[in-house]
Amino acid sequence: MAAKSVLRARLLAGRRAVPPDVHDAEAAALAAHLERLVDEGTTVCAYVPVGSEPGSAAMLARLAGRGARVLLPVVRTSDDGTPMALLWGEYRPDALTSARFGLLEPPQPWLPAEALGEAEVIVVPALAVDRRGTRLGRGAGFYDRSLRWRRPATPLVAVVRDAELVDALPADAHDVPMTHAVTPGLGLVALG
């Protein structure tokens, strides 16, 4: 656990050091790569990148522009603060609302966690991913709790910067492996 905390701190510091023009260029490249994964009528679960996360809301607009149905996560915790499986809501560009943890979420009505099973592509935020598919997230476990609802053959695509696709990361038994990574410079990379 300590190794993951140190890695998270280092990766977050690296992201904050990325100049805005580099971030914007990488975000445009990521949007173009992700756009190629969907067709009209495809259901994709994605997320709204915030702060120094790779990507931008433009990637969602491009997915929707291809005719994809875009579902976004809604973060919830139990009364004692334990993370729960993500709920899902339809992407509407002008209707995103501020939420916990500095996130942007879709407005109600929300779909249950099981709606993830409708997705033909699942785009997952990550701080890093290794070539085996091990994903390093923020550590709360929202996605690990939620990905059990996916269909087994559905691609799980971690969005990272080029330097965040690494050879090896520490893994725990509960970590759900990614099938792919997408980076600005490398595009879609098969993992595992």
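Rules used in this analysis
- Residues numbered from 1 in each chain as written.
- Predicted model: local features only at pLDDT ≥ 70, side-chain atom pairs only at ≥ 80, totals over all residues.
- Heavy atoms only, no water.
- UniProt positions renumbered as here; feature names shortened; annotations may be inferred.
- Helix = DSSP H or I, 4+ residues; strand = E, 2+ residues; numbered from the N terminus.
- Buried < 20%, exposed > 50% of the residue type's maximum accessible area, 1.4 Å probe, protein only.
- Arc of directions from axis to C-beta.
- Contact = heavy atoms within 4.5 Å.
- Expected span 1.5 Å × (residues − 1).
- Pairing = 2+ DSSP bridges.
- Salt bridge = Lys/Arg side-chain N within 4 Å of Asp/Glu carboxyl O.
- Axes fitted to C-alpha atoms, helices over the stretch in contact; angles between N-to-C directions.
- Parallel < 35°, antiparallel > 145°, perpendicular 65-115°, else oblique.
- Left-handed = near helix turned anticlockwise from the far one by under 90°.
- Nonpolar A, V, L, I, M, F, W, Y, C, P; charged D, E, K, R; others polar.

- Under an unreviewed UniProt entry, the protein chain has the name 5-formyltetrahydrofolate cyclo-ligase and belongs to Mycolicibacter nonchromogenicus.
- The annotation that UniProt attaches to the protein chain under Catalytic activity (unreviewed entry) is "(6S)-5-formyl-5,6,7,8-tetrahydrofolate + ATP = (6R)-5,10-methenyltetrahydrofolate + ADP + phosphate".
- UniProt, in its Cofactor (unreviewed entry) section for the protein chain, records the words "Mg(2+)".

## Some remarks on unusual backbone geometry
Thought 1: With an omega dihedral of 10 degrees, the bond running from Gln108 to Pro109 counts as a cis peptide bond.
Thought 2: Looking at the secondary structure, you find Pro109 in the loop between strand S5 (104-105) and strand S6 (121-125).

## Quick word on helix H3 (residues 57-65)
Side chains that are three or four residues apart share a direction in an α-helix, a result of its 3.6 residues per turn.
Thought 1: The set of residues buried in H3 consists of Met59, Leu60 and Leu63. For H3, the angular spread of buried residues about the axis comes to 100 degrees, placing them on one side.
Thought 2: Packed against the buried residues of H3 are helix H2 (20-35), strand S1 (43-45) and strand S2 (69-74).
Thought 3: Looking one or two residues past H3, Gly67 carries a phi angle of roughly 90 degrees, positive in sign.

## Points about H2
Thought 1: For H2, with 16 residues, the first-to-last C-alpha span of 22 Å sits near the 22 Å given by 1.5 Å per residue.
Thought 2: Every buried residue of H2 is listed here: His23, Glu26, Ala27, Leu30, Ala31, Ala32, His33, Leu34 and Glu35.
Thought 3: Contact partners of the buried residues in H2: H3, S6, strand S9 (156-159), strand S11 (180-183) and strand S12 (187-190).

## Topic: the pairing of S12
Thought 1: In the sheet, S11 pairs with S12 via four bridges, with the strands oriented antiparallel. Across the sheet, His180 pairs through a bridge with Ala190, a residue of S12.
Thought 2: Between S11 and S12, which follow one another and run antiparallel, lie three residues.

## Observations regarding the pattern of salt bridges
Thought 1: Under the definition given, this model contains 11 salt bridges.
Thought 2: Between Asp172 and Lys4 there is a salt bridge, with the nearest N and O atoms lying 2.8 Å from each other. Residue Asp172 is found in the loop between strand S10 (165-166) and S11, and its partner Lys4 is found in helix H1 (residues 2-16); the two are separated by 168 residues along the sequence.
Thought 3: For Arg15, the salt bridge identified is with Glu164, shortest N-O distance 2.8 Å. Taken as a pair, Arg15 in helix H1 and Glu164 in the loop between S9 and S10 lie far apart in primary sequence, 149 residues in all.
Thought 4: Each of Lys4, Asp172 and Asp175 takes part in one network of salt bridges that share partners.

## A look at the packing of H2 against H3
For any two helices packed against each other, the geometry comes down to the angle between their axes and how far apart the axes lie.
Thought 1: Closest axis-to-axis distance for the H2/H3 pair is 9 Å, and the angle between their directions is 25 degrees. Considering the angle they form, H2 stands roughly parallel to H3. Two packed elements cross with a definite hand, and for H2 against H3 that hand is right-handed. Between H2 and H3, the contacting residues are Ala28, Ala31, Ala32, Leu34 and Glu35 on the first element and Met59, Arg62 and Leu63 on the second.
Thought 2: Class assignment for the residues of the contact of H2 with H3 results in six nonpolar, no polar and two charged.

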